[in-house]
Amino acid sequence: MPFTDPGETMVIQGLRFKIKYGSRGAGPDAPNAGGLIIELGENEFLVFGINFSLKVEVASGETGEVFIADKWEYLVVDDQLKRGRCMNGDERNMTGCGPAPEIFVFKVDKHK
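All values derive from a computational prediction rather than experimental measurement. (Residues numbered from 1 in each chain as written. Predicted model: local features only at pLDDT ≥ 70, side-chain atom pairs only at ≥ 80, totals over all residues. Heavy atoms only, no water.)

Caption draft 1: Region of the structure containing the environment of His-111. Mapped onto the elements of the fold, His-111 is located in strand β9 (residues 102-111). Relative accessible area serves as the criterion here: at 38%, His-111 is assigned to the partly exposed category. In sequence terms His-111 and Glu-65 are 46 residues apart; their C-alpha atoms lie 5.2 Å from each other. Those residues in contact with His-111, other than ones at most four positions away along the chain, are Thr-63, Gly-64, Glu-65 and Phe-67. (Helix = DSSP H or I, 4+ residues; strand = E, 2+ residues; numbered from the N terminus. Buried < 20%, exposed > 50% of the residue type's maximum accessible area, 1.4 Å probe, protein only. Contact = heavy atoms within 4.5 Å.)

Below, the structure is given as structure tokens:
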């Protein structure tokens, strides 16, 4: 499923989340796409999903820039959710899940 889906937009805490389903270069046999975003606290979110991209921006009517400040992978170990590696790198305001199910938590840094 390539990124041909127009996607969805949702607003949480004055942040606009743009979600597109599919993955770059994925063929017709790629797994379905979907995900879940859970607000954990102020500017902190847990994401679980497969085959989607997620872009974070300031919501309409607001000013400033948004950056993904911290992103941590989570793994299921011995039937418990455990924090794994810090995944900070080239993310600025965009992240997502690939063709295998992923769980991660990220914090958003808003600058006016």
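Next comes the rest of the description.
Caption draft 2: Structural context of the sheet that holds strand β7 (residues 80-86). Taking strand neighbours across the sheet as the criterion, the 5 strands line up as β3-β4-β9-β6-β7 in an open arrangement whose pairing is antiparallel. The sheet is open, and its two edges are formed by β3 (34-41) and β7, each paired on a single side. Within the sheet, the average angular offset between the axes of one strand and its neighbour, ignoring direction, is 30 degrees. Pairing between β3 and strand β4 (residues 44-50): 7 bridges, direction antiparallel. In the strand pairing of β4, Ile-38 is matched with Leu-46. (Pairing = 2+ DSSP bridges. Axes fitted to C-alpha atoms, helices over the stretch in contact; angles between N-to-C directions.)

Caption draft 3: Main features of the nonpolar core. Counting 18 residues, the largest nonpolar core has Phe-17, Ile-37, Phe-45, Val-47, Leu-54 and Phe-106 as the members making the most contacts within it. Every element with two or more residues in this core is listed here: β2 (15-21), β4, β5 (52-58), β6 (65-77) and β9. Those residues in contact with Phe-45, other than ones at most four positions away along the chain, are Ile-12, Gln-13, Leu-15, Phe-17, Ile-37, Ile-38, Glu-39, Leu-40, Phe-104, Val-105, Phe-106 and Val-108. (Core = buried A, V, L, I, M, F, W, Y, C linked by side-chain atoms within 4.5 Å.)

Caption draft 4: Examining a nonpolar patch on the surface more closely. A cluster of nonpolar residues, Leu-36, Ile-38, Leu-40 and Phe-48, forms a patch on the protein surface that exposes about 350 Å² of accessible area. Among the elements that take part in the nonpolar patch, β3 stands out by supplying 3 residues, more than any other. Structurally, the position occupied by Phe-48 is in strand β4. (Patch = residues over 30% accessible without salt bridge, like charges linked within 9 Å, V, L, I, M, F, W, Y side chains within 5 Å. Areas by Shrake-Rupley, 256 points an atom, 1.4 Å probe, with all protein chains shown as cover. Salt bridge = Lys/Arg side-chain N within 4 Å of Asp/Glu carboxyl O.)

Caption draft 5: Broad picture of the pairing of β9. In this sheet, β9 lies alongside β4 in antiparallel orientation, the contact comprising 6 bridges. Bridging from a neighbouring strand, Leu-46 pairs with Val-105 of β9. Taken together, the 8 bridges between β6 and β9 define a ladder with antiparallel strand orientation. The residue bridging Lys-71 from the neighbouring strand is Phe-106, located in β9.

Caption draft 6: Highlighting the packing of aromatic side chains. Here the structure, examined in full by the defined rule, presents 3 aromatic pairs. Their ring planes at 75 degrees and their centres at 5.0 Å tell us that Phe-17 and Phe-45 sit as a pair that is edge-to-face. Of this pair, Phe-17 sits in strand β2 while Phe-45 sits in strand β4, and the two are 28 residues apart along the sequence. Relative accessible area serves as the criterion here: at 0%, Phe-45 is assigned to the buried category. Ring centres 6.1 Å apart and planes at 35 degrees place the aromatic pair Phe-104 and Phe-106 in the tilted group. Residues Phe-104 and Phe-106 agree in their burial class; the two are buried. Among the aromatic residues, those joined into a ring-pair cluster are Phe-17, Phe-45, Phe-104 and Phe-106. Across from the ring centre of Phe-104, 4.4 Å away, lies the NZ or CZ of Lys-71, which sits over that ring. (Phe/Tyr/Trp six-rings, centres within 6.5 Å; stacked < 30°, edge-to-face > 60°. Lys NZ or Arg CZ within 6 Å of the ring centre and 35° of its normal.)

Shape is all these values report; function is a separate question.
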